[in-house]
Amino acid sequence: MSIFVPMQKTGKESASVLLDQLNDAQRAAVEFCDGPSLVIAGAGSGKTRVLTYKIAYLLEQGLPPFYILALTFTNKAAREMKSRIAELVGEKRARSLWMGTFHAIFSRILRNEAEAIGFRSNFTIFDSSDSNNLIRLIIKEMNLDDKLYRPGPVHGQISRAKNSLITPAMYAANEEILQYDRMAKRPHLFEIYQRYQNRLRSGNSMDFDDLLMYTNILFRDHAEILEKYRNQFQYILVDEYQDTNFAQHLIVKQLADIHHRVCVVGDDAQSIYSFRGANIDNILKFKSNFNETQIFKLEQNYRSTQNIVNAANSLIKKNSEQIFKDVFSENEPGEKIEIRGAFSDFEEGLIVSNKIARMRMEEHASYGDFAILYRTNAQSRIFEESLRKNNIPYRIYGGLSFYQRKEIKDVISYFRLIVNPDDEEAFRRIINYPTRGIGDVTVGKISAAAALHQVSLWQVLESPLTYNLDINTGTARKLADFQSLIADFIDKNSQMNAFELAQEVIRNSGIAKEAYEDMTPEGMSRTQNIQELLNAMNEFVATRQEQGEENNQLVDFLSEVSLLTDQDTDKEGENEKVTLMTVHSAKGLEFDHVFVVGMEEDLFPSAMAKSEMRGLEEERRLFYVAITRAKKTCTITHARSRFRNGVTNPAVASRFLKDIDPKFLSTDSQLGGEISYPSQADDFWGSMRAERLQKQERSISSPNRVTPVQRTTSTLPLSKEAKELEVGHLIEHERFGRGVVTSIEMGGNDRRAFVEFESAGKKQLLLKFAKFTIIGSTGNNR
DNA sequence: TAACACTTGTTTTTT
DNA sequence: ACAAGTGTTA
């Protein structure tokens, strides 16, 4: 049975014209619409193309846009897909599609159905720092050891529970989990979870994971509501399915359970979010979860050169769990992947920025064609410096997003409290910001009274007498002032638009005054940020008015903002800049020239992931993602020493470099080309590090702390050969063969020799690494 | 209560 | 190195 009304040619493009623009595999995937389908899309194989054309195809078949649910991984992906669909079928139809992230779509649905699960539709959404703050507070209230119970890990555990749909009650009843917590010396976790969840609920708020968990609870407990959305979402598409978690999987499963018209797209080789609860089994076992699943494989890579594709293939082959596929490229063979070993992280920065400058001239590339990808955000700094020195414009993604900044969170907290006065986190944030003489003691009293009477902090503030708040008259006056300030805003919220109200808030709350008086550079920048927030609100309000939606502006603005990431905010005029970002955030993007930097043990793969096989395989997939972002060239760098956490540590090249078939690599290195494949030098570093770690451990208990070695590298004894080496010597190098030493340089503690090799040309050798023998002298040494 | 110095952990990735 | 959290002083 087909749900589709007879085909009608409404748009400029008919369905057949759409299909003409696809290859066979893509077309097959687009055309199959009458059952569950799994599209395994290799890197660069036109996954997004399939999704957009499939949606356009469905629309062309006559399916109304609001019957289609399309779930993406980021807001940006949704936006881009929407605009591409708009080009195919027109703006109007594209706009009515239900397209967005799981979190965005289901927060919208939860707002509509909030009453059914005991919330009000104006609930606030906690970001992870809000969550951590609340957890920290609960730990303190429970008098638990805050060394054992840290907000981050505790939140992580709660998050994992929620993503597996384990409610606090289920958690407390699960002997296995309790046993695990006892072993981890955290027997009270279940209680923290319980209290945390109660607090969120009494503040009419949800964290990220709640959006998914409560959607499941909503569907589980309200058959009629589930039925309603099942009927509405006649066709469901999910992008990046390899990165969905159990809660997300179950939502999709339930919505698609009757009609089975669901298409999930993903690549198991690119599953990189298990730390967030993503379950690679969702895609590996999709076939067994949905009967009669059709599987389509997109294997032709249109993005990268053959060399890049082949190199990436040889890498990912080292993983055990995966769906077989044969990704290939018919583009030109292209250049080999270049591996460069740097002496230090500082030099790594120079190598990369120099190469960018050079390639830009030689290949007539634009800065926007380059990306520097790293494992951790902390690595960005060194590249920023070297790029700045070279006058290369760049743009950093990630790190602290605009909406995470303190001044922005403070202002936003006013909005949150206006929309939802029960929001405890917002309340605590601003009750004394700007300072109005209400300190910790008073807040503590309010909090205690609220807990005693099972009401929110705001309710206590509204009628302090009712809840026997024990405060002096001066404090009572201040509290009343604050209360009427917010009450006044709440009142105004129904009279003016969100932008006007925001201006009012800035003016009347004292934020404006404080900002005005603070003339420090940091203060000025804060003021600027607040102005930027106002601009964003103005734009939001204008857009909404254009679309004829005047109501609930502030709620919707907050909702949108709390689910926004830095990735989503694309600024104008940022095209001519080198992109710096983590590999994670590069997912789904592509660049002509990619630099994958910091390929070192304990960094990539990260020290955390090493212990488990699964973790290691995920890191390898992450590396795979990094390489496959490149269209034309890929350069991989690593440093032999790295400055981290205030000290310089020796670093060993990543084991993953060995996983790539050497025939796709070029190892032309100015440092003697010594990729640190396991060698004597590495063993040496290895033992050095082990020793150092032991020392650090000991130093924790000992009062006279062992000062960490500042420049460990200098302690490496030079070989006899290296010490004796002089200008004019003829040497035989392990890799470069014969050469003459032209000069020797003392770079700090590091002796370097410049050598003219017979076949390999001019090279710079670091004497403590280089492996060579002196075979004679040319006689012209001084 | 507010401002300041001191201590502590942090660095894996993010909707 | 750095930020955030904690404790101390005025």
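Think of each chain on its own: its residues are numbered from 1, step by step along the sequence as written. Think of it this way: whatever chain is written first is A, whatever ligand is written first is 1, and the rest follow in order. For this predicted model, a pLDDT threshold of at least 70 governs which residues receive local features, and a threshold of 80 or more governs which side-chain atom pairs are given and counted, while totals over whole chains, interfaces and linings are taken from all residues. Side-chain metrics rest on all non-hydrogen atoms present in the structure, leaving aside hydrogens and water.

What's the story with helix H27 (residues 521–546) in this structure? I'm lost.
Two residues of an α-helix separated by three or four positions point the same way, owing to the 3.6 residues in each turn. The end-to-end C-alpha distance of H27 is 37 Å, a good match for the 38 Å that 26 residues give at a rise of 1.5 Å each. Residue contacts follow a heavy-atom distance rule, with two residues in contact if any of their heavy atoms lie within 4.5 Å. Starting at the N terminus, helices and strands are each numbered in turn, a helix being any DSSP run of H or I of at least four residues and a strand any DSSP run of E of at least two. Where the residues of H27 are buried, they touch helix H20 (406–419), helix H25 (498–509), helix H26 (511–517) and helix H28 (553–562). Phi for Gly548, located one or two positions after H27, is positive at around 75°. Expected helix span is given by 1.5 Å per residue-to-residue step, counting one fewer step than there are residues.

What am I meant to see in the nonpolar core here?
We define a nonpolar core as any set of buried Ala, Val, Leu, Ile, Met, Phe, Trp, Tyr and Cys residues linked to one another through side-chain atoms lying within 4.5 Å. Throughout this description, buried means an accessible area under 20% of the type-specific maximum (1.4 Å probe, protein chains only), exposed means over 50%, and partly exposed covers the range between. Membership of the largest hydrophobic core comes to 63 residues, with the highest contact counts inside it found for Leu69, Phe106, Ile192 and Leu255. Looking at this core, the element that brings in the most residues is helix H12 (residues 208–221), giving seven residues. Those residues in contact with Phe106, other than ones at most four positions away along the chain, are Leu69, Leu71, Leu211, Thr215, Ile251 and Leu255. By size, the runner-up hydrophobic cluster in this structure holds 51 residues, among which are Tyr403, Leu417, Ile446 and Ile506.

How should the pattern of salt bridges be read in this particular structure?
Think of a salt bridge as a Lys or Arg side-chain nitrogen and an Asp or Glu carboxyl oxygen that are within 4 Å of each other. Evaluated as defined, the whole model comprises 47 salt bridges. In this structure, the salt-bridge partner of Asp130 is Lys409, at a minimum N-O distance of 2.8 Å. Taken as a pair, Asp130 in helix H7 (residues 128–141) and Lys409 in helix H20 lie far apart in primary sequence, 279 residues in all. Its relative accessible area of 7% is what places Lys409 among the buried residues. In this structure, Lys325 and Asp267 form a salt bridge, with 3.6 Å as the shortest nitrogen-oxygen distance.

Quick question: what am I supposed to make of the protein's contact with DNA strand B here?
Lining the immediate surroundings of DNA strand B are 26 residues, of which Arg276, Arg375, Gly439, Thr565 and Met608 lie closest. A breakdown of the atoms of DNA strand B within 4 Å of the protein gives sugar and phosphate a share of 56%. Definition of a polar contact: a pair of N or O atoms within 3.5 Å, with one able to donate and the other able to accept a hydrogen when the atoms are protein atoms, and with sequence-neighbouring residues admitted only if both atoms are side-chain atoms. In the environment of DNA strand B, a phosphate oxygen lies 2.9 Å from a nitrogen or oxygen atom belonging to the backbone of Gly439. The set of elements that each furnish at least two residues to the surface near DNA strand B consists of helix H22 (440–453) and helix H29 (583–586). When residues are sorted by character, Ala, Val, Leu, Ile, Met, Phe, Trp, Tyr, Cys and Pro go into the nonpolar class, Asp, Glu, Lys and Arg into the charged class, and all the rest, Gly among them, into the polar class. Of the residues assigned to the surface near DNA strand B, the class counts are six nonpolar, 15 polar and five charged. Any residue with a heavy atom lying within 4 Å of a molecule or strand is counted as near it.

Teacher, can you tell me more about the confidence of the model for chain A here?
The predicted coordinates of low-pLDDT regions are not to be read in fine detail. What pLDDT expresses is the predictor's confidence in each residue, scored from 0 to 100. Mean pLDDT over chain A stands at 83; residues scoring 70 or higher make up 85%. Segment residues 1–13 is flagged for pLDDT under 50; beyond a separation of four residues in sequence, or across chains, it makes 24 contacts in the model. Note that residues 669–717 has pLDDT below 50 and, in this model, 75 contacts with residues that lie over four places away or in other chains.

Just checking my understanding: could you explain the protein's contact with DNA strand C for this structure?
Neighbouring DNA strand C are the residues Arg136, Lys140, Arg381 and Phe643. Arg136 places a side-chain nitrogen or oxygen 3.1 Å from a phosphate oxygen of DNA strand C. Of the residues in the surface near DNA strand C, the class split is one nonpolar, no polar and three charged.

Is there a simple way to think about the sheet that holds strand S11 (residues 337–342) in this case?
Pairing between the strands of a sheet comes from backbone hydrogen bonds, and it takes one of two forms, parallel or antiparallel. Here the rule is simple: two strands pair whenever DSSP picks up at least two bridges between them. Read from one edge to the other, the open sheet built from seven strands follows the order S13-S14-S12-S15-S16-S11-S19, with strand pairing classed as parallel. A single partner strand is all that each edge strand has here, and the edge strands are strand S13 (394–396) and strand S19 (665–666). Bridging between strand S12 (residues 370–374) and strand S14 (residues 578–582) involves four bridges; their strand directions are parallel. Across the sheet, the residue bridging to Tyr374 is Thr582, located in S14. Comment: axis = line fitted to C-alpha atoms, over the contacting stretch for helices; angle = value between 0 and 180 degrees taken between N-to-C directions. The sheet contacts of helix H17 (residues 306–316) involve S11 and strand S16 (630–639), and relative to S16 the element is tilted by about 50°. Running over the sheet, helix H19 (residues 380–389) touches S12, S13 and S14 and is turned about 165° from S13.

Explain the packing of aromatic side chains to me, please; I cannot follow it from the model alone.
Within a pair of aromatic rings, the relevant descriptors are the distance that separates the centres and the angle that separates the planes. Pairs were defined over the aromatic rings of Phe, Tyr and Trp, the Trp ring being its six-membered one, requiring ring centres within 6.5 Å. Orientation was assigned from the angle between planes: stacked under 30 degrees, edge-to-face over 60, tilted for the rest. Within the structure shown, the criterion is met by 20 aromatic pairs. Summarising the aromatic geometry, the rings of Trp98 and Phe233 are spaced 5.3 Å apart at their centres and angled 70° between planes, so their arrangement reads as edge-to-face. On the criterion of sequence distance, the pair formed by Trp98 in strand S3 (residues 98–101) and Phe233 in the loop between helix H13 (223–232) and strand S6 (235–238) is long-range, its members being 135 residues apart. Through pairs of rings, three or more aromatic residues link up here, namely Trp98, Phe219, Tyr229 and Phe233. As a reminder, the over-ring test applies to NZ of lysine and CZ of arginine, requiring each to be within 6 Å of the ring centre and within 35 degrees of the ring normal. The ring of Trp98 has Arg108 lying over it, and the distance from NZ or CZ to the ring centre is 3.8 Å. Arg360 extends its terminal NZ or CZ atom over the ring of Tyr367, reaching a point 4.0 Å from the ring centre.

What is the right way to read the sheet that holds strand S2 (residues 68–72) from this model?
One open sheet accounts for six strands, arranged S3-S2-S6-S7-S1-S8; its pairing is parallel. Edge positions in the sheet fall to S3 and strand S8 (294–298), since each has one partner strand and no second. Geometrically, the sheet is characterised by an average inter-axis angle of 15° between neighbouring strands, direction not taken into account. Taken together, the five bridges between strand S1 (residues 37–41) and S8 define a ladder with parallel strand orientation. Looking across to S8, one finds that Val39 is bridged to Phe296. Here helix H2 (residues 24–31) sits on the sheet and contacts S1 and S8; the angle it forms with S8, its principal contact strand, is near 150°.

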